[in-house]
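Chain and residue survey
Listed below, chain by chain, are the residues.
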Amino acid sequence: MASSTRPAPTVGFDLDMTLIDSRPGIHACYLELSARTGTYIDADLAVTRLGPPLAEELANWFPAEEIPAVADLYREIYPAYAIEPTLVLPGAREAVAAVREAGGRAVVVTAKYEPNAKLHLAHLGIEPDAVIGGLWAEQKAVALREHDADVYVGDHVGDVRGARAAGARSVAVASGPCDAGELRAAGADVVLADLTGFPKWLAAYRDGEGDGDGDGDAGGPAAARA
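This one's a predicted model, so the numbers in the text were calculated from it and none came from an experiment.

**Let's talk about the pairing of strand 7 (residues 169-173)**
Counting buried positions along strand 7 gives 4 out of 5 residues, so the element sits mostly inside the fold. Bridge count between strand 6 (residues 151-154) and strand 7: 4 bridges; the pairing is parallel. Residue pairing in the sheet places Val153 in a bridge with Val171 of strand 7. Bridge count for strand 7 against strand 8 (residues 190-192) is 3 bridges, and the pairing is parallel. In the sheet register, Val171 faces strand 8, and the bridge partner there is Val190. Once the chain exits strand 7 it traverses helix 9 (residues 180-185) before rejoining the sheet at strand 8, and the crossover so formed is right-handed.

Here you go:
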């Protein structure tokens, strides 16, 4: 009988709230940005809605004509305030390692400014095969198609849309601002509580399984996050 094992996959990963918990660092960066610009920013609120491009968040606090300059300032001060406090999320290193152990490639595709994304990954000891920044939602499909990604893993409904636009399987993790129900409703093929369940799912997927809709049992019930 012919083997049903799939070829070694290329797996794309989102960054913020998928591989890393950048909320402490981004919170600190927004406080510093507020101090430097003299403009109030509710940093507590801002870090509850990570995912979309920086300009979308800044639009809540600054006039449109100021956003490009403020975004440049944010990115300039980001390394000094946001890298050190950022944490690796449970299962992130193991998820990337599982792709490598399967003979595949792991690529990070994120809306974050690419140089800062690379700083995060280097600081936390996560070594993907490629990092592509500055892409959000359906725009992520450009990089995913370029790298022939079979799977894209993310925590936001925008990540689900990116995976679907690329024709990749969408594996969603309920570790960010979107809960399991939102991710499922957006069209995620699989919803895991977090990345701790990903290696088991990937093994099943490679064996021709792991195609189920809804929650993946490898990570336990998908947890709703505020």
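Right, picking up where we left off after that structure.
**Some points on the pattern of salt bridges**
One pass over the structure, following the stated rule, counts 10 salt bridges. The partner of Arg100 in a salt bridge is Asp129, and the shortest N-O contact between them spans 3.1 Å. Of this pair, Arg100 sits in helix 5 (residues 92-101) while Asp129 sits in the loop between helix 6 (114-124) and strand 5 (130-132), placing them 29 residues apart in sequence. You can call Arg100 partly exposed: its relative accessible area is 35%. One salt bridge connects Arg169 with Asp189, and the closest N-O pair in it is separated by 4.0 Å. With Arg169 in strand 7 and Asp189 in the loop between helix 9 and strand 8, this pair connects stretches of sequence that are 20 residues apart. On the basis of relative accessible area, Asp189 is assigned to the buried category, the value being 17%. A single salt-bridge network, built from bridges that share partners, covers Asp14, Lys140 and Asp159.

**Quick look at the sheet that holds strand 7**
An order of 5-4-1-6-7-8 is seen for the 6 strands of this open sheet, with the pairing classed as parallel. Each end of this open sheet is capped by a strand with a single partner; those strands are strand 5 and strand 8. Averaged over neighbouring strand pairs, the angle between their axes works out to 20° when direction is ignored. Here strand 4 (residues 105-109) runs beside strand 5; their pairing, made up of 3 bridges, is parallel. The residue of strand 5 that forms the bridge with Val107 is Ala130.

**Focus: the layout of surface pockets**
Roughly 460 Å³ of volume is contained in the largest pocket. For the largest pocket, the lining is made up of 29 residues, of which Gly51, Pro52, Pro53, Leu54 and Ala111 are closest to its centre. Residue assignment for the lining of the largest pocket shows that the elements contributing at least two residues are helix 1 (23-37), helix 3 (54-58) and helix 4 (67-82). Here the residues of the lining of the largest pocket sort into 13 nonpolar, 6 polar and 10 charged.

**Quick word on the nonpolar core**
Counting residues in hydrophobic clusters, the biggest one holds 28 residues, and the most contacted among them are Phe13, Leu19, Val153, Val171, Leu195, Phe198 and Trp201. Looking at this core, the elements with two or more residues in it are strand 1 (10-13), helix 5, strand 4, helix 6, strand 6, strand 7, strand 8 and helix 10 (198-206). Ranked by residues supplied to this core, first place goes to helix 5 with 5 residues.

Calculation criteria
Residues numbered from 1 in each chain as written. Predicted model: local features only at pLDDT ≥ 70, side-chain atom pairs only at ≥ 80, totals over all residues. Heavy atoms only, no water. Buried < 20%, exposed > 50% of the residue type's maximum accessible area, 1.4 Å probe, protein only. Helix = DSSP H or I, 4+ residues; strand = E, 2+ residues; numbered from the N terminus. Pairing = 2+ DSSP bridges. Right-handed = clockwise from strand over helix to strand, strands pointing away. Salt bridge = Lys/Arg side-chain N within 4 Å of Asp/Glu carboxyl O. Axes fitted to C-alpha atoms, helices over the stretch in contact; angles between N-to-C directions. 1 Å grid on protein atoms, 1.4 Å probe; cavity = no way out; pocket = protein on both sides within 12 Å on 5 of 7 lines; lining within 4 Å. Points joined across faces, edges and corners; volume = space filled by probe spheres on them. Nonpolar A, V, L, I, M, F, W, Y, C, P; charged D, E, K, R; others polar. Core = buried A, V, L, I, M, F, W, Y, C linked by side-chain atoms within 4.5 Å.

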